[in-house]
Amino acid sequence: MQQRKRTLTDPEDKAAAAKMDPVTASPLLAPSAAIAEIDDDFVLEPEKAGLPTARSWCACATLSLSVLLCMSTWLSSSVVLQYLVDAFSVSEGHGSFFTIAVQLGFVACCLAQAGTQLPDRANCRWLMCFGGLLAVAANLAMLACRAFWQALLARFATGVAMALVYPPATKVLATWFVAKRGLAMSFLVGAIAPGSGLANLVKAVPGSAELWATRRGFVLLTLATSGATVVGAALPVLFVADGPFALPPSTFKVENLARIAGNKKAVLAILGYMGHSWELYGAWSWLPHFLGSEVFEPQAAALLSFAAIAVGAVSCVALGDCGDRYGRCKMCVACSLVSLACDASVGAVGESAPGWATAVLVVAWGFFLVPDSPQYTTSVTELVEPELVGTALVVNQALGFVATIPAIFLVNQVAGVGAIGWRFAFASLAPGALLAVAFMERLDRLAAPKAAALAPDSDDRRFVAAA
């Protein structure tokens, strides 16, 4: 006799499903492993069992594309840095402030969102749309700037806009996934890599080596990245809905921030992300300049810079399931140790080794710099209470990007020291990797043995209930 497929619409099945999560009694937040606790006659539809569906992956792809397009404005100033330095009559040492201003804007907006707990009170898809349009306005405003402070203000506004795109996107994605959330987050976070490197790809167009040092090149780049961002801003509101695993809304309470600060495991994940961000954005910000001024011709340097940044998307996807399978902490530690070795050696190899060896090392560096990033983000979503996920994510991003500011400044300053130069400039990023290793090792010890080091299929229901 054919077995009847029963769903949660049957009253007796609701009681059975409640066994799946003793913390919330909610089948929508139950780990896939808990399904085995229900007798064989009970069959859950994949979406109701917390398993990803075609709709889930479609939402993931759309959100990832949106982030990719919007992020094209993030590091665009590094492509036309020589023009900006000449146009505003500042030294090359002050060129880092064009990127630092973006980081400051990002941090300021994240802190404002955390203070108001906006992501847990507003629709994050509309926040993404507003942020994308604000990024377009700030990007176009650069064309009208005539003073250095005006350009920095425009770049600051770009950072504010990016903080309304990226952290809200991670929360929207969390409403579509319970199982395989780490892999899904890898697609989204991986989109930052080619998005941030897109401007370098534009610069690598044959015959355009001198174009990007001119006003005309600056205008073309600004229009190209602005157009891409308009499309990215429209995607979340036109083609994505909130997912079936909606996180409960929150009301503004000052003590919510104290609850996050008092969560020792979440704090360790955030501190690990700070070390990771120190290393990642210091590398991304200065790698194009290092390759173009010390190793390769401008076009080749731009193309290799894009490859080194964009390969992070490949590694996020290729290794994205490792955190779900083997533990997020272990994956973060492994990636940080490899990138640490690259921090210490890439400058020396670039100055003394053949070009092909430098290219291989730089791409390998880019491959291992990024794939642990979504694991920190996913860990935060798993470690805090459901109604605080949005606020915790912007706190995570704010503190992470606070760490990028001294890193970006320090690389340039170390490179300017004659006895050290670019040979050891990137070694200044090593402390970030070391801190990431230390904090995630500590979190791994706290989470073991029952949490499988923050893997979603762990026996610690709290991680899943808080997802």
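Residues numbered from 1 in each chain as written. Predicted model: local features only at pLDDT ≥ 70, side-chain atom pairs only at ≥ 80, totals over all residues. Heavy atoms only, no water.

The name recorded for the protein chain in an unreviewed UniProt entry is Major facilitator superfamily (MFS) profile domain-containing protein, from Aureococcus anophagefferens.

Chemist: An account of empty space enclosed by the protein is requested, with residue identities and associated values reported.
Modeler: Throughout the structure, instances matching the rule amount to 2 cavities of 30 Å³ or more. In this structure, the largest cavity spans a volume of roughly 70 Å³. Taken together, Ser76, Ser77, Val80, Leu84, Asn139, Met142, Arg155, Phe218, Leu221, Thr222 and Thr225 make up the lining of the largest cavity. Broken down by element, the lining of the largest cavity gets its largest block of residues, 4 residues, from helix H10 (residues 215-239). Considering only residue class, the lining of the largest cavity consists of 5 nonpolar, 5 polar and 1 charged. Estimated volume of the second largest cavity: approximately 50 Å³. As for the second largest cavity, its lining consists of Tyr166, Val189, Ile192, Tyr273, Leu280, Tyr281, Trp284, Val370 and Ser373. Take the lining of the second largest cavity: its biggest share by element is 4 residues, from helix H12 (residues 264-295). Partitioning the lining of the second largest cavity into residue classes produces 8 nonpolar, 1 polar and no charged. (1 Å grid on protein atoms, 1.4 Å probe; cavity = no way out; pocket = protein on both sides within 12 Å on 5 of 7 lines; lining within 4 Å. Points joined across faces, edges and corners; volume = space filled by probe spheres on them. Helix = DSSP H or I, 4+ residues; strand = E, 2+ residues; numbered from the N terminus. Nonpolar A, V, L, I, M, F, W, Y, C, P; charged D, E, K, R; others polar.)

Chemist: With reference to specific residues and values, describe the layout of surface pockets.
Modeler: Looking at the largest pocket, its volume works out to about 510 Å³. Lining of the largest pocket is provided by 28 residues; of these, Ser78, Val79, Gln82, Lys203 and His289 occupy positions nearest its centre. Elements supplying a minimum of two residues to the lining of the largest pocket: helix H3 (81-87), helix H9 (192-203), H12 and helix H13 (298-326). Looking at the lining of the largest pocket, its residues break down into 14 nonpolar, 12 polar and 2 charged.

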